[in-house]
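Survey of secondary and tertiary structure
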Amino acid sequence: MPAARAAEVAVVDLDVCDRCGLCLPLCPPEAIHLDLTALVVDRTACTGCRKCVAPCPVGALAMIPA
Amino acid sequence: MPDIDVLVVGAGPAGSIAAREAARASHGLEVVLLERDRAVGAPVRCAEGVGDAGLREFASPEGAPWAARKITRVIFLAPDDTEVQVAERDVGWILDRTRFDAMLAAEAVAAGADLQVGTEATGMTREVDGRWAVAVHGPDGRAVYRARVVIGADGVETMVGRWAGLDTRVPARDMESCAQYVVQGIDFDPDAIYLQFGDGIAPGGYAWIFPKGDGVANVGLGIVALKSDGRNARAYLDAWIARRYPRGARTGVTVGGVIVHTTIKQTYGDGILVAGDAAHMINPLSGGGIVNAMKAGRLAGRTAAAAICAGDTSADRLAAYHHDWMQLLGDDHLKYYRIKQALERLDDAFFNGLARTVNAIPREKRTLGRIFAQALVKHPQLIPVAARFFI
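Residues numbered from 1 in each chain as written. Chains lettered and ligands numbered in written order. Predicted model: local features only at pLDDT ≥ 70, side-chain atom pairs only at ≥ 80, totals over all residues.

1. Re the interface of chain B and chain A
The parts lose accessible area when they come together, and the size of an interface is often stated as this lost area. Put simply, the test is: Each residue is represented by a C-beta atom placed from its backbone, and any two residues with such atoms within 7 Å are regarded as in contact. A helix here means a DSSP run of H or I that spans at least four residues, while a strand means a run of E at least two residues long, and both kinds are numbered starting from the N terminus. Residues are grouped as follows: Ala, Val, Leu, Ile, Met, Phe, Trp, Tyr, Cys and Pro are nonpolar; Asp, Glu, Lys and Arg are charged; all remaining types, including Gly, are polar.
Taken residue by residue, the interface counts 23 residues in chain B and 18 residues in chain A. Of all the secondary structure elements, the ones that give two or more residues to the side of chain B that touches chain A are strand E10 (175-184), helix H5 (233-244) and strand E14 (249-259) of chain B. Each residue belonging to the side of chain B that touches chain A can be placed in one class, and the counts come to ten nonpolar, seven polar and six charged.

In C-alpha cells form, the structure reads like this:
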C-alpha cells in the first residue's frame, strides 16, 4: 500500500537558496538533493515534516499545500 | 569506463589529504580526486579558524600565503558584553581557505593523484566484482569510474554516504545554522578571536569575530533553529553586527550548516569510507572541523591504500578506519557532546556571573585549572558539567 500523501510539501526559493546543503542531512526521508545548479525537493518523497524550514540560514524553504 | 583504485569525492581538507596519502602510500595506485566546483577552495563556507598544533601536523603556517593571521588570544564575551581573556600563547591561525584548499589539492596532485575540477559525482552502484561504478558529470561530459575504494569527503550534504547506505542524517537539535560576512573598517584586537554567547545573540551556538587583517574580519554566528525566536541565522547576524559594528562595511555573505553531533555510527562499508563533515567528524563544542577532516582524511587514504595492496577492500577490513578514528578523536567528541548537552541547560545569567568570577582571577594566574576550580566553587550549577566530562 502506498504511503499516505503529505498535506504539505517543502518548496525552495531558488533566488534565495545559496545551495549550502545544510537541509540535506535534516530530511528524514532524504527527499532533498543538490545538483550542479539547484536544490531539488522530491515532492513525492517529502512527508511535510517541516524539519528543513526553520534551520535554513536564509529562509529559502517554505511549505505549500501538496 | 576507467578502472581506478581510489576515487575521492570532494577536494576539501579531508578529500585532498585522503588523496595525497593514498597516492603517497603506494606509487602504483591510481587515485582520482573529484571537485564539484570549478576551482578548489571556492566558495568558502567556513570561519577559517584552526588550532596551531593540529595545523602543524599537516603544514607549516609561518610566512605561508594561505595563513591570513596568527592568533595569540581568545576573548570570550558574556551575554552582557563582559570581556574575558582566557589564553595568551600559540592559539591558532585564521586561514585563507581558498589558498589553503588549493595548496592541499596541489600536494595531492604532486603525490600522483588526478584532480578533476568542475566534476560532480551523480550516483554510484556496486558491481559484481566488488568495485563501485561512480557516474560523474564534468566539462568533458559524462563518464563512469570503476573504483576499488570510494572515499566520500563531500561535506555536510554528503551524497556518497547516502548512496553507500550509511546513515548520515542529523537531528535538528544538532544542526547549527550559520551565517557570516567579511566585515571591513571595524575596530578589534587583530591578534584575538572573539566568541560571544547568549540566547538573544546566538541561541544554541555562538557569535564569532575571526580577524583576517587590520580592520577586516570574518564576523558570523551559528544558531540552533529549534531555540530561535523565529528569525533565521542571517537575521540574528544582521542584528548582532548592527549593534556591535554599526559602521562596518559588510561584504560577501556566506551561509552553511555545522553538524554539532558525534561521528556517524558507521563510517565505512564494502569499498567505502566517509571522512570529515560528511561523517560528522566535528568538535561538537567548538564546531571546528578542518583539522578533524585532515586527520580523518589521512587515516582514510592510508587505510584505503593498505586495503587495496592487501587485495581486501571488504567492510571487515575497512572497519579499522572507524576504530582508529574513534581512538584518535571520535571518542573525545562523544565526551564533548555530553558537555555540550550539560551547558545547554545554563542560562545567560550564569554566563554573565561566570565571566565576573573569571575576571576576578589575575590574568597572569588565569590558568585553565584555576578558572575551573574557581568556577566550580562559585557556580555549583557547573558541577554536573564537570561530572559529565569525566563520565
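2. What about the packing of helix H1 (residues 13-25) of chain B against helix H6 (residues 290-309) of chain B?
Residues and elements named next belong to chain B. Rules: The axes are straight lines fitted to the C-alpha atoms, using for helices just the contacting stretch, and the angles between their N-to-C directions are given from 0 to 180°. Oblique is the label for every angle not falling under 35 degrees (roughly parallel), over 145 degrees (roughly antiparallel), or within 65 to 115 degrees (roughly perpendicular). For any pair of crossing helices, the crossing counts as left-handed if the nearer helix is rotated counterclockwise from the farther one by less than a right angle, and right-handed if it is rotated clockwise.
Relative to each other, H1 and H6 sit at 30°, their axes nearing to 7 Å. Put simply, H1 runs roughly parallel to H6. Regarding H1 and H6, the two cross each other, and that crossing is right-handed. Together, Pro-13, Ala-14, Gly-15, Ile-17, Ala-18, Ala-19, Arg-20, Glu-21, Ala-22 and Ala-25 of H1 and Ile-290, Ala-293, Met-294, Ala-296, Gly-297, Arg-298, Ala-300, Gly-301, Arg-302, Ala-304, Ala-305 and Ala-306 of H6 make up the contact between the two elements. For the contact of H1 with H6, the per-class residue count stands at 15 nonpolar, three polar and four charged.

3. Notes on the pairing of strand E1 (residues 3-9) of chain B
All names here are of chain B. We count it as follows: Buried means a residue has 20 or more other C-beta atoms within 10 Å of its own C-beta, exposed means 12 or fewer, and partly exposed covers the counts in between; C-beta atoms are placed from the backbone. Two strands are said to pair when DSSP picks up at least two bridges between them.
Burial analysis of E1 places five of its seven residues in the buried class, which makes it a mostly covered element. Pairing of E1 with strand E9 (residues 141-152), which is carried by six bridges, proceeds in the parallel orientation. In the sheet register, Asp-3 faces E9, and the bridge partner there is Arg-146. Pairing of E1 with strand E2 (residues 31-34), which is carried by four bridges, proceeds in the parallel orientation.

4. A short note on the domain arrangement of chain B
Inclusion rule: Each domain span listed reflects an automatic or database assignment of domains.
Structurally, chain B comprises domain 1 (3-44 + 98-170 + 264-335), domain 2 (69-95 + 172-259) and domain 3 (342-390). One C-alpha centre belongs to domain 1 of chain B, the other to domain 3 of chain B; they are set 40 Å apart.

5. Regarding helix H3 (residues 97-110) of chain B
All names here are of chain B. Keep this limit in mind: How far a helix is expected to stretch is found by multiplying one less than its residue total by 1.5 Å. The directions from the helix axis to the C-beta atoms are what the arc is built from.
An ideal rise of 1.5 Å per residue puts 20 Å on 14 residues; H3 measures up with 19 Å between its terminal C-alpha atoms. Within H3 the residues assigned to the buried category are Arg-97, Phe-100, Asp-101, Leu-104, Ala-105 and Ala-108. Taken end-on, H3 shows its buried residues confined to a sector of 130°, consistent with a single buried face. The first or second residue beyond H3 is Gly-112, which carries a positive phi of 120°.

6. With respect to the confidence of the model for chain B
Residues shown with low pLDDT carry predicted positions that ought not to be read at fine detail. To keep it simple, the criterion reads: The predictor reports its confidence for every residue as pLDDT, a score running from 0 up to 100.
Per-residue confidence for chain B averages 93 on the pLDDT scale, and 97% of its residues sit at or above 70. Across the whole predicted complex the pTM is 0.94, and at the interface the ipTM reaches 0.93.

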